[in-house]
Each structure stands twice: as C-alpha cells, then as structure tokens.
Amino acid sequence: MRVMNEQMVVLVTGGSGMVGQAIKKVSEEENHPNEKWIFLSSKDADLRDPEETRAIMRKYNPTHVVHLAAMVGGVYKLIRLNCDFFTYNFRINDNVLDSCKELGVKKVVSCLSTCVFPDKTTYPIDETMIYNGPPHDSTLGYSYAKRMILVMNKAYKMQYGCNFTSVIPTNVYGPHDNFNLEDGQVLPGLIHKGYLAKHKNIPFTVYGSGTPRRQFMYSVDLAKLIMWSLREYEEIDPVILSVDEEDEVSIKEVAEMVSEAFDLQDGVHYDTSKTDGQLKKTASNAKLRKLLPDFKFTPLRQGIKETVDWLEANYENARV
Ligand code: NAP
Ligand code: GDP
C-alpha cells in the first residue's frame, strides 16, 4: 500500500500518445497534491539514444516512471516492419530501464501487450502462460521486445533490487489514438473509415473476415488502472489489465457499433483479401479482479461514441 504523504515525481515516457494523454487527463482531474506528473514526447528525447535518455532522466530526476514509449501499430504495420519493431522498442526499453536503475527510481511500470502471449495456447490466457510457446509470427518483433521487459524486470530485481514491474493491457482505443488506415489498430482504423464513409461517401470496409475476437478497453480506463498499479501493485510479475472475458467481441460486432455511432446507412463491407492475424487472444482478468474487484469499465458503445465525437472535433490535428 502506498504511503499517502510520499512525494512522487512521475515521469511518463510516451506521454504524448493515446495512453499518455489519457493518464494526463486523469491525473489533472485528480490533481493529487503529492504527485507531480511529467509527460514526455519523442521531441523531448529520442529514447533509442542512451545519452538522450540519460540526460532527460537526470533533468527530471523522477521517483517513479510509467514507461509507455514505443513504436506501436496494428497487425499490418507489425507484419511489414517486424524486425524494426524489435530493434526500435528493445533499444528504448534497455535505455529507459538502465537509466532508471542508475538514478535509483523507486518504481517503474512498463506497458506490455497481449501479443506477448503464445499463439498456440488454451484460453483464457493468464499471467503464468507467457513462456509456454512462441507468439504469433505476425507480431514476432514487437512481442519479443515486450517479453524482454519481463526478463529485464526480473533480472534488475535479482541483481540490483530494483522495483520494476509491468502491466499487460488488451486492445486499447480512445482519443489521441493513431487513426492512420494502414498503420493503426483496428478500432481507430474502423472509426476513421466510419468518418470517411460519413463525410466522403467511401464504403465502410473491414479488413479480413470480421471473425477474430478481441477485448477492447477505453484509454481512460487503462489510465486509471496504470495509475493504480503505480501506486498499489506490489509484484514484479505482470498483471493483465483487461475487461471481462464475456466482454470480448468479434471485429464484425465492433464494426457494427462504429457504423451505428456514425449512423451509416450503407452497411459494412469486408475485404477478405487481407489477413485476419491472430483469431483470438482471450485474456483472463482474474488476477486484476482479485486485487480490484469493483473497477467499472466504460461500456464499449459509450467509449466508441466518445472517440467518434473526439475525432469529429479534432480531425484536422488527429493522427490520420
Ligand atoms: P502511441 O499513441 O503510438 O504513443 C507512442 C508514444 O511513444 C508517443 O508518445 C511517442 O512520442 C512515443 N515514442 C515513440 N518513439 C519514441 C522515441 N524514439 N523516443 C521517445 N518517445 C517515443 O501509443 P499508445 O497506444 O499510447 O501505447 C502506449 C503503450 O501501450 C505502448 O508501450 C504500447 O505498446 C502499449 N499498448 C498499447 C495498446 C494499444 O492498443 N494501443 C495495447 C496494449 C499495449 P511522439 O508523440 O513524439 O511520437
Ligand atoms: P491485433 O489486435 O494486435 O491483432 O491488431 P489489430 O488491432 O491491428 O487487428 C485486429 C483485427 O482487426 C485483425 O483481425 C484485423 O484483420 C482486423 N481488422 C479489420 N479491419 C481493420 C483495420 O481497418 N485495421 C486494422 N489494423 N485491423 C483491422
């Protein structure tokens, strides 16, 4: 349990991204007197560079770090840049954790992804199953860079006593997401396509068959859970942050929700020449529920509507 009057200086790497901006919003609303939050973007420092990383860490001298910075993308970008995803993200993670050790940062929470889980597995997946097999080939580089954070967290604890932990969120969506049609993930991609269908009459087309299933979480919910993990979660081993298993939906269902949110009349089209990627990766949130039984997730329809409204209001400056 957190000591309530402890002064915390929290540095958020990747603070300009979707998850970072959600944490910024929640931390500003909470306005906690003992917490100072600093949000970094790649313009403050290129964290692939060890010297730049050390310099920015020394400048702010944080007591706590939320490590979000990463090259992120949807399944089609992950396939296209499989190797770059490994080298880019591994360098960032190595530099960030090394600087945190050097500065004696009290706690680091790094953000993994359910891509770390084995492709061939039983469901639901839980935190004990990560090393039971290789990840899906489409996400190999990204997944192994994330898996290496787990290795580093454990090794930093064993050799140096560092308190570095991690969280494993399922698919996230919300304001400030990457809405780029080629590089983004499915929900921002579909919301952008819904926008183009409404404003430019371009057919609303889902890539693949629509049968894969995913657990989607609103970025503001993830922000609250990451802030909880920074303050209260005490293990080095990771915790899955996810909606319940029964809230998993098919891509078809989610496309229909987006179509409804834009009030589209032309139906949903499917481009089955595009790969489906992983068919499902159903994650168990039993560990989270045990620690935080009453947490309420934003209903998917509501989160989609809020994200649609955000894109309508911010299209000119959004990542499209
Ligand atoms: P995002 O919106 O793409 O944001 C990425 C952030 O990383 C941005 O702030 C970006 O800075 C920063 N960054 C990228 N390269 C950098 C570099 N070389 N040096 C310094 N900063 C750099 O991503 P997100 O969706 O918020 O994801 C945040 C974290 O959650 C990531 O670790 C991701 O793997 C994880 N995650 C995401 C999802 C999801 O569905 N989105 C699901 C599970 C886990 P600029 O703004 O300056 O480019
Ligand atoms: P994943 O959840 O890590 O596999 O990555 P994505 O969010 O990119 O994709 C999830 C699923 O959505 C895959 O089965 C895709 O085939 C499907 N999908 C449907 N339409 C789109 C789209 O417009 N963009 C993306 N990225 N995926 C789409």
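Before reading further, recall that the structure is shown in the block above.
Because the structure is predicted, anything quoted here is derived from the model rather than measured.

What counts and how
- Residues numbered from 1 in each chain as written.
- Chains lettered and ligands numbered in written order.
- Predicted model: local features only at pLDDT ≥ 70, side-chain atom pairs only at ≥ 80, totals over all residues.
- Heavy atoms only, no water.
- Pairing = 2+ DSSP bridges.
- Helix = DSSP H or I, 4+ residues; strand = E, 2+ residues; numbered from the N terminus.
- Axes fitted to C-alpha atoms, helices over the stretch in contact; angles between N-to-C directions.
- Parallel < 35°, antiparallel > 145°, perpendicular 65-115°, else oblique.
- Left-handed = near helix turned anticlockwise from the far one by under 90°.
- Contact = heavy atoms within 4.5 Å.
- Buried < 20%, exposed > 50% of the residue type's maximum accessible area, 1.4 Å probe, protein only.
- Right-handed = clockwise from strand over helix to strand, strands pointing away.
- Near = heavy atom within 4 Å.
- Polar contact = N/O pair within 3.5 Å; in protein donor to acceptor, adjacent residues only side chain to side chain.
- Areas by Shrake-Rupley, 256 points an atom, 1.4 Å probe, with all protein chains shown as cover.
- Nonpolar A, V, L, I, M, F, W, Y, C, P; charged D, E, K, R; others polar.
- Core = buried A, V, L, I, M, F, W, Y, C linked by side-chain atoms within 4.5 Å.

The next thing to look at is the sheet that holds strand S5 (residues 164-169). Taken together, the 6 strands give an open sheet; going across it, the order is S2-S1-S3-S4-S5-S10, and neighbouring strands pair in parallel fashion. Each edge of the sheet is formed by a strand with only one pairing partner; in this case those strands are strand S2 (35-39) and strand S10 (239-241). Going from strand to strand, the sheet's axes swing by 20° on average, the running direction of each strand aside. Summarising the sheet, strand S1 (residues 8-13) and strand S3 (residues 64-67) pair through 4 bridges and their orientation is parallel.

With that settled, the discussion passes to the packing of helix H6 (residues 186-200) against helix H10 (residues 300-314). Their axes nearest at 10 Å, the elements H6 and H10 cross at an angle of 55°. By the criterion of interaxial angle, the relationship of H6 to H10 is oblique. Where H6 crosses over H10, the handedness of that crossing is right-handed. Residue-level inspection shows Leu 187, Ile 191, His 192, Tyr 195, Lys 198 and His 199 of H6 in contact with H10, the latter providing Leu 300, Ile 304, Thr 307, Val 308, Leu 311 and Glu 312.

So, on to the environment of Glu 127. Of note, Glu 127 is situated in the loop between strand S4 (107-111) and helix H5 (140-160). Residues contacting Glu 127, with those up to four places away along its chain left out, are Pro 238, Val 239, Ile 240 and Lys 287.

With that settled, consider the pairing of S5. Within S5, 6 of the 6 residues are buried, which leaves it mostly tucked inside the rest of the structure. Here S5 shows no split at all, with Phe 164, Ser 166 and Ile 168 on one side and Thr 165, Val 167 and Pro 169 on the other all buried. Two strands pair when backbone bridges link them, and S4 and S5 are joined in this way by 4 bridges, in the parallel orientation. Across the sheet, the residue bridging to Ser 110 is Ser 166, located in S5. Of the crossover connections in this fold, the one passing from S4 over H5 to the parallel S5 is right-handed. Relative to S10, S5 is paired through 3 bridges, and the arrangement is parallel.

The local shell around ligand 2 holds 16 residues, among which Val 75, Tyr 76, Lys 193, Arg 214 and Asp 276 are the closest. Here an oxygen atom of ligand 2 and a side-chain polar atom of Asn 171 are 2.9 Å apart. Compared with its free state, where it exposes 540 Å², ligand 2 has 98% of that area covered by protein. Partitioned by chemical class, the residues of the shell around ligand 2 number 7 nonpolar, 5 polar and 4 charged.

Among the nonpolar cores identified, the biggest contains 59 residues, and Ile 23, Val 66, Leu 187, Ile 226, Leu 241, Leu 300 and Ile 304 are the most heavily contacted of them. For this core, the element with the highest residue contribution is helix H7 (residues 219-232), accounting for 8 residues. Dropping the residues within four chain positions of it, Leu 241 is found in contact with Val 167, Ile 168, Pro 169, Thr 170, Met 217, Leu 222, Leu 225, Ile 226, Trp 228 and Leu 288. Grouped together as the second largest cluster of nonpolar side chains are 19 residues, Ala 45, Ile 56, Ile 92 and Met 152 included.

Our next topic: the site of ligand 1. Close contacts around ligand 1 come from 29 residues, with Ser 16, Ser 42, Tyr 88, Tyr 142 and Arg 319 the closest. Ser 16 is positioned with one of its side-chain polar atoms (N or O) 2.5 Å from an oxygen atom of ligand 1. The separation between a nitrogen atom of ligand 1 and a polar side-chain atom of Asp 46 is 2.9 Å. Looking at the shell around ligand 1, the elements that each hand over two or more residues are helix H1 (18-30), helix H4 (82-103), H5 and strand S6 (171-173). Along the lines of polarity and charge, the residues of the shell around ligand 1 split into 15 nonpolar, 10 polar and 4 charged.

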